[in-house]
Amino acid sequence: MDLSFSTGGIFGIAADCLLLIIGLVLIIKGGDMFVDASVAVARALRVPEIVIGATVVSIGTTLPEIITSATSVVKGMAANDAALTAGYNSLAVGNAVGSMMCNAGLILGIVILARSPRAGKGFAVKGLFLIAVTAVLSVFSFTGGSISLFEGIALLALFIVFTGINIYDASASSRVEATGTKFSGVVAEVLPKEKIKAKDVAFFALGAAAIALGATLLVDNAQSLCLGAGIPQQLVGITVVAIGTSLPELATALTSLKKGASDIGLGNIIGANVINATLLLGLVACITGSALPIDNVTKNVAVWVSLAITAILVLPSVFTGKTYRLQGFAMLALYLGFIVYNAVIIVI
């Protein structure tokens, strides 16, 4: 079902923009409801807090990107027009890679410029893991011009490894807190038994429905906007859609910055980018069942800019345990430079 306005002209473009924004709002609010309800249900089922934190919560902030890209790929498979299919695929991949660049280059660039967070415990392992998966994604994209089914499965395997790292780190931290003087919570193995509340089930279903409807609105109207205004889908996917679906990470980073805990935002974005590179792109590659095409700008430029931004973020801080404003400036400059480059070459 197509939920775009699709009338053309200024009125049609304005309507597409409005529906696109409504889709973003539904995705973000639905994601909040879905994650909160999922955590409540998981606790009632006595799922350890460690597992909840390393899976439900970490995946929750990337739900907008995951559902949007998956919806776009599915719509591309259902399209009977090769150009439409290519456009939907460009939106899906552009959203994933663009979100990675936005998270690190724009959001963390601003955070580091404002208040350089420390690179706390676990940063080195997870930061280097992010560099590794970004490099793997770059090679997959560049060498074949697509992500094959086998490569998609490999990305999903890397996501499982990352989840294992998160669970191990959280478990180790809980053991330390339980035996030290800074015990701050319930150890994972001794959760109280609770009943599943009807309210949580309702919010779970409502949140899932809002995400699905929002993703459909976002994808349909982004596609319609591109066709109506003559804008390439890759540009909209890697900018408007990517920035929009990264709003949860932006909110987390700004809240952490306001509370003087900017290192929390740092860790959240590293996790979100790993999930975008592995779970999201691995999933959509598997959904296609064949090769997921990567457009020329993304495979030749965007993935490498994302890798460069990640390296600037991680490598200096691995050795010093700190972040520096110069890093933030360089990351932000690279991101903005890519956006300008992308727009200019398309206009030319």
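Residues numbered from 1 in each chain as written. Predicted model: local features only at pLDDT ≥ 70, side-chain atom pairs only at ≥ 80, totals over all residues. Heavy atoms only, no water.

Below, the discussion takes up the overall build of the chain. Secondary structure summary: the chain contains twelve helices and two strands in total. The contacts of the chain with a sequence gap of at least 6 include a subset with a gap of at least 24, amounting to 85%. In the form shown here, the chain has an accessible surface area of approximately 15300 Å², with 72% of it arising from carbon and sulfur atoms. (Helix = DSSP H or I, 4+ residues; strand = E, 2+ residues; numbered from the N terminus. Contact = heavy atoms within 4.5 Å. Areas by Shrake-Rupley, 256 points an atom, 1.4 Å probe, with all protein chains shown as cover.)

Between its terminal C-alpha atoms helix H11 (residues 296–320) stretches 37 Å, which fits the 36 Å expected from 25 residues at 1.5 Å a residue. The sharpest bend along H11 reaches about 35° and sits at alanine 302. Its side-chain oxygen placed 3.2 Å from the backbone nitrogen of valine 297, aspartate 295 serves as the N-cap of H11. (Expected span 1.5 Å × (residues − 1). Bend = angle between axes of the 7 residues up to and from the residue. Polar contact = N/O pair within 3.5 Å; in protein donor to acceptor, adjacent residues only side chain to side chain.)

Before going further, it helps to spend a moment on the nonpolar core. Core analysis: the biggest nonpolar cluster contains 55 residues, and Ile147, Leu281, Leu313 and Phe338 have the highest contact counts within it. Going through the elements one at a time, helix H3 (63–78), helix H4 (82–114), helix H5 (123–144), helix H6 (149–179), helix H10 (262–288), H11 and helix H12 (325–347) are the ones with two or more residues in this core. Ranked by the residues each element gives to this core, the list is headed by H4, at twelve residues. The residues touching phenylalanine 338, leaving out its near neighbours within four places in the chain, are Met101, Ile238, Val297, Val301, Ala302 and Val305. (Core = buried A, V, L, I, M, F, W, Y, C linked by side-chain atoms within 4.5 Å. Buried < 20%, exposed > 50% of the residue type's maximum accessible area, 1.4 Å probe, protein only.)

By secondary structure assignment, the location of isoleucine 270 is in helix H10. For the pair formed by isoleucine 270 and lysine 126, sequence separation is 144 residues and the distance between their alpha carbons is 7.2 Å. Sequence-distant contacts of isoleucine 270, defined by excluding residues within four places in its chain, comprise Phe123, Lys126, Gly127, Leu130 and Leu313.

This part is about the environment of alanine 253. When you line up the elements, alanine 253 lands in helix H9 (residues 247–258). Spatially, the C-alpha atom of alanine 253 lies 8.2 Å from that of isoleucine 269, the residues being 16 residues apart in sequence.

A complete count under the given rule lists two aromatic pairs for this structure. Centre to centre, the rings of phenylalanine 129 and phenylalanine 162 are 5.6 Å apart; their planes meet at 25°, and the pair counts as stacked. On the criterion of sequence distance, the pair formed by phenylalanine 129 in helix H5 and phenylalanine 162 in helix H6 is long-range, its members being 33 residues apart. Here the two residues phenylalanine 129 and phenylalanine 162 agree in accessibility, since each one is buried. Aromatic side chains phenylalanine 142 and tryptophan 304 sit 5.9 Å apart centroid to centroid with 80° between the ring planes, which places their arrangement in the edge-to-face category. One end of the pair, phenylalanine 142, is in helix H5; the other, tryptophan 304, is in helix H11, and 162 residues separate them in sequence. Assessed through its relative accessible area of 45%, phenylalanine 142 is described here as partly exposed. Tryptophan 304 gets classed as partly exposed once you look at its relative accessible area, which sits at 33%. (Phe/Tyr/Trp six-rings, centres within 6.5 Å; stacked < 30°, edge-to-face > 60°.)

With respect to the element layout, asparagine 89 can be found in helix H4. What makes asparagine 89 buried here is its relative accessible area of 9%. Each residue touching asparagine 89, except ones within four places of it in the same chain, is listed here: Val73, Leu292 and Pro293.

Along the polypeptide, threonine 134 turns up in helix H5. Placed 34 residues apart in sequence, threonine 134 and methionine 100 show a C-alpha to C-alpha distance of 9.4 Å. Leave out the neighbours within four places in its chain, and threonine 134 touches Met100, Val303, Ser306, Leu307 and Thr310.

Residues with a pLDDT of 70 or more make up 83% of the chain, whose mean pLDDT is 80. Predicted confidence for residues 181–191 stays below pLDDT 50, and this span has 13 contacts to residues more than four positions away or in other chains. (pLDDT = per-residue confidence, 0-100.)

Let us now look at the packing of H5 against H11. Two elements in contact, H5 and H11, have axes separated by 9 Å at closest approach and are oriented at 165°. Relative to H11, H5 is oriented roughly antiparallel. Remark: the crossing between H5 and H11 carries left-handed chirality. (Axes fitted to C-alpha atoms, helices over the stretch in contact; angles between N-to-C directions. Parallel < 35°, antiparallel > 145°, perpendicular 65-115°, else oblique. Left-handed = near helix turned anticlockwise from the far one by under 90°.)

Let us look at the side chain of glutamate 65. Tracing the backbone shows glutamate 65 in helix H3. For the buried residue glutamate 65, which engages in no salt bridge, the nearest side chain bearing the opposite charge is lysine 29, 16 Å off. Setting aside chain neighbours within four positions, we find glutamate 65 in contact with Asn95, Ser99, Asn103, Thr245, Ser246, Glu249, Asn276 and Leu280. (Lys, Arg positive; Asp, Glu negative; His and termini not counted. Salt bridge = Lys/Arg side-chain N within 4 Å of Asp/Glu carboxyl O.)

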